[in-house]
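Coordinates in review
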Amino acid sequence: MNKDKLVNIFEKYNLNKTIEQACLDIKDKELKVNFSSPNKDLVGFLTSDIDLADNNIGIYSTSKLLSLLNITDGELNLSFETKNRISTKINISDAHYKLSYSLADPFIISKIEEVKEPPNPTVTVDLDQEFIERFLKAKKALGDESKVVLTLTYENGVGVIRFILGGNEQYTNKVQFDFPAEFEKDMYDDYIFSSAYLKEIFSAHKAAESLQLVFFKEGLLKLVGEEKDANLKVIYYILKENEE
C-alpha cells in the first residue's frame, strides 16, 4: 500500500493531534472511520477505498502511528497480529524499516453515531483555495484567539457569510472578511465556532480544489472535503459554542 495514501487518511481525521482515537472499519476494500473530539463538539466521518482485508481496528494514538509512518517511504507492506479475533498489532515494512504499532481494542473507543442534520441548510458555499489561505493567514496573525464569529449579511447589496476571527467582544483583536453566499434573508444573529477546528480542517484540505461549507441556523456547521483522485471523502460537523 502506498505510504502517502495511508498518511493522508490518518491526517484527515487526526487534524494535527486534535483527534487521537478512532475505529477503522474495513469491509470489501472500503474504509470507514467515525471520529470525534474528546468533548464531541467536532465529529466526522471518513470513507475511502483501501487495499486491505476486512478488519475492525482500534487506534488509540493516531499521532504516534503517523510518526512511525512518516519515517517510511514508497510502498508499504502491512500485516496484522490477532488475539481472540481482535487485531492487537499492525506490522509495517518498507525497503528499509520494519515497524510495529500496538492497536487498541475497538470496544474501548467511543462509538460515533450518525449526525441528524436539521432539515434545511441555511446556506451552502464552495470555499476555494484563496479563501482557505486567507483564513489560515488571519488565524496565524491572531495567534491564540480561539473563536470565529459567523453571520449572514449583505455588503453593497451582495449576500455574504461574514467571518470575524477573534470573537465579537469590543476590545479583542480581530480580523473580518467575507465570502459571497446566497440565502433567503438577512440574518444578523452571531454564531460562534472554534477557529482552531476550522484552522486544522482547512489545513488538511488546503490542496483540495474546493471545500464545501454548509451552515445551519440551528447552530451546526458542516464541511465536506472530497479528493476524487484518491477516492476519499470526509464530512466534519462542528457545533456552535455558547456565548459566555
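Position numbers for residues count from 1 along each chain, tracking the sequence in the order it is written. Only residues with pLDDT of 70 or above have their local features reported here, since the model is predicted, and side-chain atom pairs are shown and tallied only from 80 upward, although totals for entire chains, interfaces and linings are computed over all residues. Hydrogens and water molecules were not included; the side-chain quantities draw on all heavy atoms of the structure.

What follows concerns the layout of surface pockets. In this analysis a 1.4 Å probe is tested at points of a 1 Å grid over the protein atoms alone, and where it fits but cannot get out there is a cavity; an open set with protein on both sides within 12 Å along at least five of seven lines is a pocket; lining residues have an atom within 4 Å of a point. Grid points are joined across faces, edges and corners, and a volume is the space filled by probe spheres set on the points. Taken as a whole, the largest pocket encloses approximately 370 Å³ of empty space. What lines the largest pocket is a set of 13 residues, and nearest its centre among them are Glu 209, Ser 210, Glu 226, Glu 227 and Lys 228. For the lining of the largest pocket, the elements supplying multiple residues, two or more each, are strand E13 (211-216) and strand E14 (220-227). Of the residues assigned to the lining of the largest pocket, the class counts are five nonpolar, two polar and six charged. Helix numbering and strand numbering both begin at the N terminus, where a helix is a DSSP run of H or I of at least 4 residues and a strand a DSSP run of E of at least 2. Polar here means any residue other than Ala, Val, Leu, Ile, Met, Phe, Trp, Tyr, Cys and Pro, which are nonpolar, and Asp, Glu, Lys and Arg, which are charged; Gly is therefore polar.

Another point: the pairing of strand E7 (residues 98-102). Burial status follows relative accessibility: with a 1.4 Å probe on protein chains alone, a residue under 20% of its type maximum counts as buried, one over 50% as exposed, and anything between as partly exposed. Only one face of E7 is covered, namely the face carrying Leu 99 and Tyr 101; the face carrying Lys 98, Ser 100 and Ser 102 is uncovered. Being paired, for any two strands, means DSSP has found at least two bridges between them. Of the pairings in the sheet, the one linking strand E6 (residues 86-93) to E7 comprises five bridges and is antiparallel in character. From the neighbouring strand, Asn 91 faces E7, where its bridge partner is Ser 100.

The next thing to look at is the sheet that holds strand E5 (residues 77-83). Ordered by their spatial adjacency, three strands build an open sheet running E5-E6-E7, and the pairing between neighbours is antiparallel. In this open sheet, the two strands that pair with only one neighbour each are E5 and E7. Each strand axis lies, on average, 25 degrees off the axis of its neighbour in the sheet, ignoring direction. Here E5 pairs with E6 via seven bridges, running antiparallel. Axis geometry follows a simple rule: fit a line to the C-alpha atoms, using only the stretch in contact for helices, then measure angles between N-to-C directions, giving values from 0 to 180 degrees.

Tallied over the full model, the rule gives one cavity of 30 Å³ or more. What lines the largest cavity is a set of 14 residues, and nearest its centre among them are Leu 6, Phe 10, Leu 24, Ile 57 and Ile 90. Broken down by secondary-structure element, the contributors of at least two residues to the lining of the largest cavity are helix H1 (3-14), strand E4 (55-59) and E5. Looking at the lining of the largest cavity, the element that brings in the most residues is H1, giving three residues. Of the residues assigned to the lining of the largest cavity, the class counts are 14 nonpolar, no polar and no charged.

Let us now look at the packing of H1 against helix H2 (residues 62-69). At their nearest, the axes of H1 and H2 sit 10 Å apart, and the two run at 155 degrees to each other. Judged by the angle between their axes, H1 and H2 are roughly antiparallel. At the point where H1 passes H2, the crossing takes the left-handed sense. Contacts from Lys 3, Leu 6, Val 7, Phe 10, Glu 11, Tyr 13 and Asn 14 of H1 reach H2 at Thr 62, Ser 63, Leu 65, Leu 66 and Leu 69. For the contact of H1 with H2, the per-class residue count stands at seven nonpolar, three polar and two charged. Each angle receives one of four descriptions, namely roughly parallel if under 35 degrees, roughly antiparallel if over 145, roughly perpendicular if within 65 to 115, and oblique otherwise. Here a crossing is called left-handed whenever its near helix is offset anticlockwise from the far helix by less than a right angle, and right-handed whenever the offset is clockwise. Any pair of residues with heavy atoms lying within 4.5 Å of one another is described as a contacting pair.

Let us now look at the nonpolar core. The tendency in soluble globular proteins is for nonpolar side chains to be buried as a group. In this structure, Phe 202 and Leu 223 are the most contacted members of the largest nonpolar core, which totals 64 residues. In terms of residues, this core owes the most to one element, helix H3 (residues 129-142), which gives six residues. With near-sequence residues (within four places) excluded, Phe 202 lies in contact with Leu 127, Phe 131, Ile 132, Phe 135, Leu 136, Leu 211 and Leu 223. Buried Ala, Val, Leu, Ile, Met, Phe, Trp, Tyr and Cys residues form a nonpolar core when they are joined through side-chain atoms within 4.5 Å. Counting residues in each nonpolar core, the second largest holds nine residues, with Val 43, Phe 45, Phe 216 and Tyr 237 among its members.

Bringing the pattern of salt bridges into the picture now. The term salt bridge refers to a pairing of a side-chain nitrogen on Lys or Arg with a carboxyl oxygen on Asp or Glu at a separation within 4 Å. Within this structure, the stated rule accounts for seven salt bridges. Taking the shortest distance from any N to any O, the salt bridge between Asp 178 and Arg 162 comes out at 2.8 Å. Here Asp 178, found in strand E11 (residues 175-180), pairs with Arg 162, found in strand E10 (residues 158-165); they are 16 residues apart in sequence, far enough to count as distant. On the accessibility criterion, Asp 178 (23% relative accessible area) is partly exposed. What you see here is one network of salt bridges that share partners, running through Glu 155, Arg 162 and Asp 178.

Moving on, we get to the packing of H3 against helix H4 (residues 195-204). Relative to each other, H3 and H4 sit at 135 degrees, their axes nearing to 10 Å. What the angle tells us is that H3 and H4 run oblique. Crossing handedness for the pair H3 and H4: left-handed. Counted together, Phe 131, Ile 132, Phe 135, Leu 136 and Lys 139 of H3 and Ser 195, Ala 196, Leu 198, Lys 199, Phe 202 and Ser 203 of H4 form the full contact between these two elements. Across the contact of H3 with H4, the residue classes break down as seven nonpolar, two polar and two charged.

Attention now goes to unusual backbone geometry. Leaving glycine aside, a negative phi is the common case for residues, and trans is the common case for peptide bonds. The backbone phi angle of Lys 17 is positive, close to 75 degrees, even though this residue is not glycine. Structurally, Lys 17 is set in the loop between H1 and strand E1 (22-27). Lys 17 gets classed as exposed once you look at its relative accessible area, which sits at 58%. Notably, Asn 156 is not glycine yet its phi reads approximately 55 degrees, a positive angle. In this structure, Asn 156 sits in the loop between strand E9 (147-155) and E10. You can call Asn 156 exposed: its relative accessible area is 75%.

Any functional reading would require information beyond the geometric quantities listed.
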